[in-house]
Amino acid sequence: MTSSTEELLKRLGVSIDAGTLRLALTHRSYAYENGGIPTNERLEFLGDSILGFSVTDALYRDNPELPEGDLAKRRSAVVSTRALAGIGRSLGIGEYIYLGQGEKLTDGKNKSSILADTMEALIGATYVSNDIETARQLVMRLIGPLLQDAAALGAGTDWKTSIQELAASRQLGSIYYAVEGSGPDHARTFIAVLRIGGTDCGQGTGRSKKEAEQEAAADAWRKLSAAGTASIPAESEAGI
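An account of the accompanying structure is given in this report. Sequence positions are assigned chain by chain, starting from 1 and proceeding in written order. For a predicted model such as this one, the threshold for reporting local features is a pLDDT of at least 70, and the threshold for listing and counting side-chain atom pairs is 80 or more; totals across whole chains, interfaces and linings nevertheless cover every residue. In computing side-chain properties, one takes all heavy atoms of the structure into account and sets aside hydrogens as well as water.

### Some details on the environment of Leu99
Then comes step 1: Assignment of secondary structure puts Leu99 in the loop between α6 (81–91) and α7 (101–105).
Then comes step 2: Here the alpha-carbon distance between Leu99 and Ala31, two residues 68 residues apart in the chain, equals 8.1 Å.
Then comes step 3: We call two residues contacting when some pair of their heavy atoms lies within 4.5 Å. Once you skip the residues sitting within four places of it in the chain, Leu99 turns out to touch His27, Ser29, Tyr30, Lys104, Gly108, Lys109 and Ile114. Per the convention used, a helix needs a DSSP run of H or I reaching at least four residues, while a strand needs a run of E reaching at least two, with both numbered from the N terminus.

Here you go:
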């Protein structure tokens, strides 16, 4: 196991056997270019379930007064692609992901969808190499701070609806999503820019147009909510 890998495990605060860790870091673009070796998608599937359960359990226990709808909104906010990608960036996960040449050329290590998927795979790998409690503790170390962030939890599960309501209440103008796709069919990535009243207000990345638009809406909602004014934030006027 290399020193760099040991550094990654130190950041995560868990032990994962070398083979499982490598699998968790193997993106499908790398696997495709290397003879169709196994990818991290099965571990991602497993980690997604552990993540969802752990967050749901914490929200249920810590918020006995909240109705089901509000619990669902909070869970959606903290297990979103944007939230997981932010955690991945803070940990420097991108530097460790095995990517194909195409993804390397398009800065795949910084793409929100790839970072989020890898975080879920690492959660799954933690479970496989240890047990459910170790995986749950990892989730709470990573997600716990977000559960206390009222601003991040304020919108609903549908960010596009939330930003539409916010823009309408402040009379900011019409909403338009500019979406562009890139990459091969097996690893397609979409980037969406949300424009309100002709001004770029948010940006998002996803595997589908819908996912990218939701992430762009979430980005814009946070910026506008933080500004707390009836105008578009100054930093957004120059575009993204």
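### What about a nonpolar patch on the surface?
Then comes step 1: Patch members must show over 30% relative accessible area and no salt bridge, and they are joined within 9 Å when carrying like charges or within 5 Å when they are nonpolar side chains of Val, Leu, Ile, Met, Phe, Trp or Tyr. Accessible surface area values rest on a Shrake-Rupley calculation with a 1.4 Å probe, where residue burial reflects the displayed protein chains alone. Between Lys or Arg on one side and Asp or Glu on the other, a salt bridge is scored when a side-chain nitrogen of the former is within 4 Å of a carboxyl oxygen of the latter. A surface patch of nonpolar side chains, amounting to about 250 Å² of accessible area, comprises Tyr127, Val128 and Ile132.
Then comes step 2: With respect to the helices, strands and loops of the structure, Ile132 is situated in helix α9 (residues 132–147).

### Some words on the environment of Asp17
Then comes step 1: Tracing the chain through its elements places Asp17 in the loop between α1 (3–12) and α2 (18–24).
Then comes step 2: Residues Asp17 and Ala125, spaced 108 residues apart in sequence, show a C-alpha to C-alpha distance of 8.6 Å.
Then comes step 3: In protein, a polar contact requires one atom able to donate a hydrogen and another able to accept it; more generally it is a pair of N or O atoms within 3.5 Å, and residues adjacent in sequence count only if both atoms are side-chain atoms. Only 3.2 Å separates the side chain of Asp17 from the backbone nitrogen of Gly19, close enough to count as a polar contact.

### Here's the deal with the packing of α6 against α9
Then comes step 1: It is the contact of α6 with α9, at a shortest axis distance of 11 Å, that shows an interaxial angle of 120°. Here α6 lies oblique to α9, going by the angle between them. Crossing of α6 over α9 shows right-handed handedness. Along its contact with α6, which presents Ala83, Leu84, Ile87 and Leu91, the element α9 presents Leu142, Ile143 and Leu146.
Then comes step 2: In this count, Pro and Cys sit with the nonpolar residues alongside Ala, Val, Leu, Ile, Met, Phe, Trp and Tyr, while Asp, Glu, Lys and Arg are called charged and the others, Gly among them, polar. Broken down by class, the residue content of the contact of α6 with α9 amounts to seven nonpolar, no polar and no charged. An axis is simply a line fitted to the C-alpha atoms; with a helix, the fit covers only the stretch in contact. Between two such axes, the angle follows the N-to-C directions and lies from 0 to 180 degrees. Roughly parallel means an angle under 35 degrees; roughly antiparallel means over 145; roughly perpendicular covers 65 to 115; every other angle is labelled oblique. Handedness of a crossing follows from how the near helix is turned relative to the far one, being left-handed for an anticlockwise turn of less than a right angle and right-handed for a clockwise one.

### Remarks on the packing of aromatic side chains
Then comes step 1: Only rings of Phe, Tyr and Trp enter the pairing, Trp through its six-membered ring, and a pair is recorded when the two centres are within 6.5 Å. The plane angle decides the type: under 30 degrees is stacked, over 60 is edge-to-face, the rest tilted. The final tally for this structure, using the stated rule, is one aromatic pair.
Then comes step 2: Summarising the aromatic geometry, the rings of Tyr30 and Tyr98 are spaced 5.4 Å apart at their centres and angled 50° between planes, so their arrangement reads as tilted. Here the residue Tyr30 occupies a position in helix α3 (residues 28–33), and Tyr98 occupies one in the loop between α6 and α7, the gap between them amounting to 68 residues.
Then comes step 3: Think of it in three bands: residues with accessible area under 20% of the maximum for their type are buried, residues over 50% are exposed, and the middle band is partly exposed, with areas taken using a 1.4 Å probe on protein chains only. By relative accessible area, which is 27% here, Tyr98 ends up partly exposed.

### Comments concerning the layout of surface pockets
Then comes step 1: In this model, the largest pocket occupies a volume close to 250 Å³.
Then comes step 2: A pocket, in this scheme, is an open set of points on a 1 Å grid over the protein atoms alone with protein on both sides within 12 Å along at least 5 of 7 lines, while a cavity is a set where a 1.4 Å probe fits but cannot get out; residues line either one if an atom lies within 4 Å of a point. What lines the largest pocket is a set of 15 residues, and nearest its centre among them are Arg89, Ser112, Gln203, Gly204 and Thr205.
Then comes step 3: Mapped onto the lining of the largest pocket, the elements with two or more residues apiece are α6, β2 (189–196), β3 (199–206) and α11 (209–227).
Then comes step 4: Split by residue class, the lining of the largest pocket holds two nonpolar, eight polar and five charged. Grid points are joined across faces, edges and corners, and a volume is the space filled by probe spheres set on the points.

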